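# Chain and residue survey
Listed below, chain by chain, are the residues.
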Amino acid sequence: MTDRPLVEELRLFLGDPQTWWGPASIPLRLGEHLLLSAVAVLAAAALVIPPALWAAHRRRGVVAAAAVVNIGRAVPTFGILVVVVVWLGLGPWPALVALVALSGPPMFTNTVAAVLAVDPAVLESAWGMGMTGRAVLMKVELPLALPVIAEGIRIAISQVIATATLAALAAGGGLGRFIVDGFAKRDQGELLMGAVLVAAVAVVAEMLFTRGQRRLVPSQASAEGSR
Amino acid sequence: MSDQAGAAGQPMISLQDVSKTYDAASAPAVESLTLEILSGEIVVLVGPSGCGKTTVLKMINRLVEPTSGDIEVAGTPVGEGEPHLLRRSIGYVIQQVGLFPHWTVRRNIATVPELLGWSPQRISDRTGELARLVGLDESMLDRYPGALSGGQQQRVGVARALAADPPVLLMDEPFGAVDPIVRHRLQDELVDLQKRLRKTIVFVTHDIEEAIKLGDRIVILNVGGVLEQQGSPAEILSRPANRFVEDFIGAERNLQRLALRRVAELRLKWGPMVEVSTTPEAAREAAAREGTEWVGLLSDGVMAGWVPVSELPESPSLEGLEPRPFGAVVSRRASLRQTVDAMVGSSQEMAVVAEDGYYCGLVDFRMVSEALGSQRGSRAGG
């Protein structure tokens, strides 16, 4: 609407106390965004990783499960959002469902692939030593698969943080509100700030996770490195 | 050492009419095989690929379930009870070793004791004991398997299999993936280990030489798990049951038989050997008696070497001669095959037998071929 330069718009947006305090402030939106993303990734992980481990461990139903998961992957997140809004109404739930559907597939496929990639000789000796199926899974397959599983989680996290922006469309809150509102109000300062924030959060989250990932699987690094 | 192994010579593993047909294949991998393995012996299953030798091994610890037939270990049908409990009482070593890459060597060795719920102290004691037993340096224990050479990895594999002191050891081409030098050393170590431990070992290989070297008994299987012949290495080499066995043990079977006999079994010749302290006259007499052109010199029983008769001095003493070293020297433990190799390698028709430098006697070609002729089928050396 205005012809003010972008810098001026940014200054106005950042100078507004409501940007920093209150029901539509950056801290609140950031909190909503992170909470939504975290809940979505955790829910998807809890939903998808155990059955993926089990299916790959038993070498059963892997193809069928992968097919189901890939259907989920083919459906656009936006489409899921719309369908769930129609079904459940507005609020955070439609976004949550859509984000779980988005983040499940990479975690599932990575987990299955990681377990299936465990050296058959290692498995043969694990069984041959007298490990129970549970011990083979928990003591051998899971630890050896962990780096690749973690990689799947990392991919899911970045996708979810970027896509959680859509939640705003269904009144789900989050940093997407600045973008949606910015569009609506033609407020380029708010729009730009929203986009920058989403990108920054995605980058920071990825960096933090990568650092944690290294700490999570230190022995693996030495075992792999010396092979 | 527990004494669960039972008296030597008692059946430890028995297969009764055992068959296995994999779902995908139409032909059976193993067809009605009956086999008895005695306590404390090494039985080597040998045959071409597709002869089902690995399948036989895996049916004993139930990694493969037989289609029909009965298998017993220590008098108990293996099908009774949980397979994982059975496997904890049977050591298992495979060609690719299959160490757990995310565990230290120490923890790898402790796999079965850990499953059995041993106390940390007992596990730690046992791990150190096993490292010494298989010749692993203690400093290796806290490394990861990836940092070990192939030979070291397989030593860890053997230690891991022996950890809970199982009476039975199954070994599936355990030395197949290492280079020949390391392989021979590991084979020797296994022979030494077995002298002390007296386990019941079922060993699978496609290498007939390995079978002859390690086996108390060899079982030769043909494609489809058909038993062609079983017996001691000497029996199989001297009396192959049929054309298949003959072909399988190869054209050099008499040389293989030489590998089974040791120098210690022969009655050695003394030869033209004299002490340095005697006279040149006595040396010339010794050479004349033996019909040789040379004499060997000893100094208080220790080999000094040989000199040609033509170089023997007229002076009254043999001191001051410079004897040449013998070309072919073997120990009493050497096989006749090694002995012949030493003779051929030095273009001599005889080899000197010595222990730690002390002269024991001479072997020549005629003695070797006579030893082969007097086939009493005894397994030398063990």
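Residues numbered from 1 in each chain as written. Chains lettered and ligands numbered in written order. Predicted model: local features only at pLDDT ≥ 70, side-chain atom pairs only at ≥ 80, totals over all residues. Heavy atoms only, no water.

## Some words on the interface of chain A and chain B
- Contacts between chain A and chain B engage 21 residues on the former and 25 residues on the latter.
- Around 2,000 Å² of area is buried between chain A and chain B when both sides are counted, 67% of it from carbon and sulfur atoms.
- Three residues stand out in chain A for area buried against chain B, namely A:Glu124, A:Met129 and A:Lys139, and they jointly supply 31% of the buried area on that side.
- Here chain A and chain B share two salt bridges between them. (Contact = heavy atoms within 4.5 Å. Buried area = accessible area lost by both parts, 1.4 Å probe. Salt bridge = Lys/Arg side-chain N within 4 Å of Asp/Glu carboxyl O.)

## A short note on the nonpolar core
- Formed by 49 residues in total, the largest nonpolar core has its most connected members in A:Leu36, A:Ile49, A:Leu53, A:Leu99, A:Met107, A:Ile149 and A:Ile153.
- Elements that contribute at least two residues to this core include exactly helix H3 (26-58), helix H4 (62-74), helix H5 (77-88), helix H6 (92-116), helix H8 (133-163), helix H9 (176-185) and helix H10 (188-216) of chain A.
- The leading source of residues in this core is H3(A), at twelve residues.
- Aside from chain neighbours lying at most four places away, what touches A:Ile153 is A:Val41, A:Ile49, A:Met107 and A:Phe209.
- Within the second largest apolar cluster, 46 residues are counted, among which are B:Ile42, B:Val46, B:Val178 and B:Ala234. (Core = buried A, V, L, I, M, F, W, Y, C linked by side-chain atoms within 4.5 Å. Buried < 20%, exposed > 50% of the residue type's maximum accessible area, 1.4 Å probe, protein only. Helix = DSSP H or I, 4+ residues; strand = E, 2+ residues; numbered from the N terminus.)

## Section: empty space enclosed by the protein
Residue and element names in this part refer to chain B.
- Enumeration according to the criterion identifies two cavities of 30 Å³ or more in this entry.
- Counting residues per element, the ones that place at least two in the lining of the largest cavity are helix H2 (83-88), strand S6 (90-94) and helix H6 (150-162).
- At three residues, S6 tops the list of elements feeding residues into the lining of the largest cavity. (1 Å grid on protein atoms, 1.4 Å probe; cavity = no way out; pocket = protein on both sides within 12 Å on 5 of 7 lines; lining within 4 Å. Points joined across faces, edges and corners; volume = space filled by probe spheres on them.)

## A closer look at the sheet that holds strand S3 (residues 42-46) of chain B
All names here are of chain B.
- In space, the six strands of this open sheet follow the order S6-S7-S8-S3-S9-S10, with mixed pairing throughout. The open sheet terminates on both sides in strands that have one partner only, identified here as S6 and strand S10 (226-231). With strand direction ignored, the average angle separating the axes of adjacent strands in the sheet is 15°.
- Sitting on the sheet, helix H1 (residues 53-60) touches S3, S6, strand S7 (168-172), strand S8 (200-205) and strand S9 (217-222), and the angle it makes with S8 is about 150°.
- Relative to the sheet, H6 contacts S6 and S7, its axis offset from that of S6 by approximately 165°. (Pairing = 2+ DSSP bridges. Axes fitted to C-alpha atoms, helices over the stretch in contact; angles between N-to-C directions.)

## Details of the packing of aromatic side chains
All names here are of chain B.
- Going through the model one piece at a time under the given rule, you end up with six aromatic pairs over all chains.
- Between Phe244 and Phe248 the ring centres are 6.1 Å apart and the planes differ by 15°, which places this aromatic pair in the stacked class. Highlighted residues: Phe244 and Phe248, both in helix H10 (residues 243-249), separated by four residues, approximately one helical turn.
- Overall, Phe244 belongs to the partly exposed group, its relative accessible area being 22%.
- Centroid distance Trp270 to Tyr359: 4.9 Å. Interplanar angle 85°. Geometry classified as edge-to-face. (Phe/Tyr/Trp six-rings, centres within 6.5 Å; stacked < 30°, edge-to-face > 60°.)

## What about helix H7 (residues 180-197) of chain B?
- A rise of 1.5 Å per residue sets the reference length of H7(B), with its 18 residues, at 26 Å; its end C-alpha atoms lie 25 Å apart and thus fit the reference within 8%.
- Three or more residues of H7(B) are buried, namely B:Val182, B:Leu186, B:Gln187, B:Leu190, B:Val191, B:Leu193, B:Gln194 and B:Leu197. (Expected span 1.5 Å × (residues − 1).)

## A few points about the confidence of the model for chain A
Residues and elements named next belong to chain A.
- The predicted model of chain A averages 85 in pLDDT, with 93% of residues at 70 or higher.
- Per-element confidence in chain A ranges from a low mean pLDDT of 44 for helix H11 (residues 218-225) to a high of 96 for helix H7 (residues 120-128).
- pLDDT under 50 marks residues 219-227. Its contacts with residues more than four places away, or in other chains, come to 15 contacts. (pLDDT = per-residue confidence, 0-100.)

## Regarding the side chain of A:Ser25
Residue and element names in this part refer to chain A.
- In this structure, Ser25 sits in the loop between helix H2 (17-20) and H3.
- Classification of Ser25 by relative accessible area gives buried; the value is 3%.
- With near-sequence residues (within four places) excluded, Ser25 lies in contact with Gln18, Thr19, Trp20 and Phe178.

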